[in-house]
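What the coordinates show
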Amino acid sequence: MALRRLPVGRIAAAVALLVGVLVLARGVHGPRWRALRPGLEFAMMTGDPFCQRGSSEIAMLRIDPARARIRVHHFSLAPEHRPLDAVEWRRSTGADAVFNAGQFLPDWTYMGVLVCDGEVVSRRVHPTFKAALVAGSLDGGSEARVLDLERESINPDKPRWREMAQSFMLFDRSGRIRVRNSDRIANRTAVGEDKNGRLVVLVTEGAYTLDGLARLIQRSPLEIALAISMDGGSESQLCVDAGGFRYTCMGGLTGGASRETAADRVPLPAVISVSTR
């Protein structure tokens, strides 16, 4: 009886496809949220296969804007009157968590509109930054949200929000990715608004492309409707100290403040804090 030849090539292709699907599925499995305080949760998520360098872990804060306050801070209004790193900013503000705001120039000038507790620090509307993280609506609207500036406008002379940090849109409600497909990698900070109106802050421990991070978030189980990208690189920072839980990520360096020297910490002229009520 003649032996039947096995389709080795097809089998190998099917196995490779299955492995790829399993890797992708494992990379975006549902996070286990840890309640820190009412309205504030923390979780980690694996970013494989989108991570390009370093740890693929992504730290996440999920915030209920109805139970937590989002504030924007600038060093010119702070008691220290100098840029601080995220650990110093958290100590100074006494907040539950602090993460970096948007981009700035070498002279510490913020590259967009910045409003801190009703005071306009930067009036320049950046023409290509088409998103803003806002909080404290003055017209009785949502407590905090991500604005799509292709659909809504901002007027720094008459701000409708007590807190505002302009940056660029990662992807919008239609699912359109609003960043270029580039091979440039860096540690990243993003803030998404999920379908339930909660904010999710994501800070990567490793390096990602902007396009890769956008696709990862869209394929994750987080149900994020749109997301804004904040500053990246060594400025991508998160410090959490709430409910007996502590976490620090300083541009990829993780662990307690004692594990990092002052030289490791890049100062930030502007940050965003989260405080529960």
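Above this text sits the structure in question.
Summary of the structure given here. Position labels on residues start from 1 in each chain and follow its written sequence. Residue-level local features of this predicted model are given only where pLDDT is at least 70; pairs of side-chain atoms are given and counted only at 80 or more, and the full residue set underlies all totals for whole chains, interfaces and linings. With hydrogens and water excluded, all non-hydrogen atoms of the structure serve as input to the side-chain values.

A look at the overall build of the protein
Put simply, the rule is: Each helix is a run of H or I in the DSSP string that is no shorter than four residues. Each strand is a run of E no shorter than two, and both are numbered from the N terminus. Buried means the residue's accessible area, taken with a 1.4 Å probe over protein chains only, is under 20% of the maximum for its type, while exposed means over 50%, and partly exposed covers the values in between. In what follows, residue pairs with any heavy atoms lying within 4.5 Å of each other are defined as contacts. Only the protein chains shown count as covering a residue, and every accessible area follows the Shrake-Rupley method with a 1.4 Å probe.
When its secondary structure is counted, the protein shows 3 helices and 17 strands. Sorting the 277 residues of the protein into buried and exposed places 53% on the buried side. Pairs at least 24 apart in sequence give 68% of the contacts found in the protein among residues at least 6 apart. Approximately 13500 Å² of the protein is accessible, and the part contributed by carbon and sulfur atoms is 50%.

Thoughts on helix α2 (residues 86-93)
Counted only if it meets this: The directions from the helix axis to the C-beta atoms are what the arc is built from. Polar contacts, as used here, are pairs of N or O atoms within 3.5 Å; protein pairs need one atom able to donate a hydrogen and one able to accept it. Residues neighboring in sequence count only if both atoms are side-chain atoms.
Buried within α2 we find A86, V87, W89 and R90. Buried residues of α2, seen end-on, are gathered within an arc of 165° and therefore sit on one face of the element. Considering only its buried residues, α2 is in contact with β4 (68-74), β5 (97-100), β14 (237-242), β15 (245-250) and β17 (270-276). In this structure D85 caps α2, since a side-chain oxygen of it lies 2.9 Å from the backbone nitrogen of V87. Positive phi appears at G94, one or two residues downstream of α2, with a value of about 70°.

Things to note about the pairing of strand β10 (residues 161-171)
Threshold: Pairing between strands is defined by DSSP: at least two bridges between them are needed.
Counting buried positions along β10 yields 10 of 11 residues, so the element is predominantly enclosed. Here 2 bridges tie strand β6 (residues 114-116) to β10, and the two strands are oriented antiparallel to one another. Bridging from a neighbouring strand, V115 pairs with M164 of β10. Sheet topology places strand β8 (residues 131-137) next to β10; 6 bridges connect them, and they run antiparallel. Within β10, the position partnered with A131 by the bridge is S167. Sheet topology places β10 next to strand β13 (residues 224-229); 3 bridges connect them, and they run antiparallel.

Looking at unusual backbone geometry
Residue P49 follows D48 across a cis peptide bond; omega there is 0°. Within the secondary structure, P49 is located in the loop between β2 (40-46) and β3 (57-63). For H81, which is not glycine, the phi dihedral falls at a positive 55°. With respect to the helices and strands, H81 occurs in the loop between β4 and α2. A positive phi angle, near 80°, is found at W108, a position not held by glycine. In this fold, W108 is placed in the loop between β5 and β6.

Let's talk about the sheet that holds strand β16 (residues 253-254)
Under the convention used in this document: Here the axes come from fitting lines to C-alpha atoms, over the contacting stretch only for helices, and the angles between their N-to-C directions go from 0 to 180 degrees.
On the basis of which strands lie adjacent, the open sheet formed by 6 strands has the order β4-β17-β5-β14-β15-β16 and antiparallel pairing. On the outer flanks of this sheet lie β4 and β16, each paired with one strand and no other. Across 2 bridges, the pairing between β15 and β16 is antiparallel. Each residue of the ladder has a partner; that of M250, found in β16, is L253. Where α2 meets the sheet, its contacts fall on β4, β5, β14, β15 and β17, and the angle it forms with β14 comes to roughly 40°.

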